[in-house]
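Structure assessment
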Amino acid sequence: MIRNQDRLFTDVDASIKAFADELKAKNVWNSVTLIETSDFARTLSPNGNSGTDHAWGGNYFMMGGSVRGGKIIGRYPSIRENAPLNIGRGRMIPTKSWESVFLPIAAWAGVDEADFDYICPNRDSFPSTHFTSASDLFEL
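Everything numeric here is computed off the predicted structure, so don't read it as measured data.

Turning our eyes to something else, we now look at the layout of surface pockets. The calculated volume of the largest pocket comes to roughly 1,800 Å³. Around the largest pocket sit 48 residues that line it, and Gly57, Gly58, Asn59, Tyr60 and Phe61 are the ones nearest its centre. Going through the elements one at a time, helix 1 (2-25), strand 1 (34-36), strand 2 (41-42), strand 4 (61-63) and helix 2 (98-108) are the ones with two or more residues in the lining of the largest pocket. Of the residues forming the lining of the largest pocket, the biggest block, five residues, is contributed by helix 1. Of the residues belonging to the lining of the largest pocket, the class tally is 25 nonpolar, 14 polar and nine charged. Roughly 180 Å³ of volume is contained in the second largest pocket.

Moving on to unusual backbone geometry. The phi dihedral of Asn27 falls on the positive side, at around 60°, and the residue is not glycine. Mapped onto the fold, Asn27 is located in the loop between helix 1 and strand 1. Judged by relative accessible area, Asn27 falls into the exposed class, the value being 71%. Positive phi, close to 65°, is recorded for Ser50, a residue that is not glycine. Of note, Ser50 is situated in the loop between strand 2 and strand 3 (54-55).

How each quantity is defined
Residues numbered from 1 in each chain as written. Predicted model: local features only at pLDDT ≥ 70, side-chain atom pairs only at ≥ 80, totals over all residues. Heavy atoms only, no water. 1 Å grid on protein atoms, 1.4 Å probe; cavity = no way out; pocket = protein on both sides within 12 Å on 5 of 7 lines; lining within 4 Å. Points joined across faces, edges and corners; volume = space filled by probe spheres on them. Helix = DSSP H or I, 4+ residues; strand = E, 2+ residues; numbered from the N terminus. Nonpolar A, V, L, I, M, F, W, Y, C, P; charged D, E, K, R; others polar. Buried < 20%, exposed > 50% of the residue type's maximum accessible area, 1.4 Å probe, protein only.

Below is the structure:
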């Protein structure tokens, strides 16, 4: 995996650049947001086979002409073995939920707030302070 990682990241970089260039050429760059997510993270320490196992705390990246980039949403956790969000072997408890990212995207895209419960049915599990506003993520 490590041997191929540089080549694979180069392919991903080139593909994302081609996508962004095409959106700009079509003059729709400011109307599109791309978000990359993973349905799981990986442990920070290896398992018995020198691989990594599934974990909780993943990461995303977003891009688009209206995205206010260059910042981390949530708290970057300490990866020390006994850190509060590290439950062992580098399995990190996330500080933000899916809803905290997808609700501001929905708001930016013009989804009516009445439909937010349908889009993110678990949003009532979090206090309102958990969510990032669309104006923090996007140029409105």
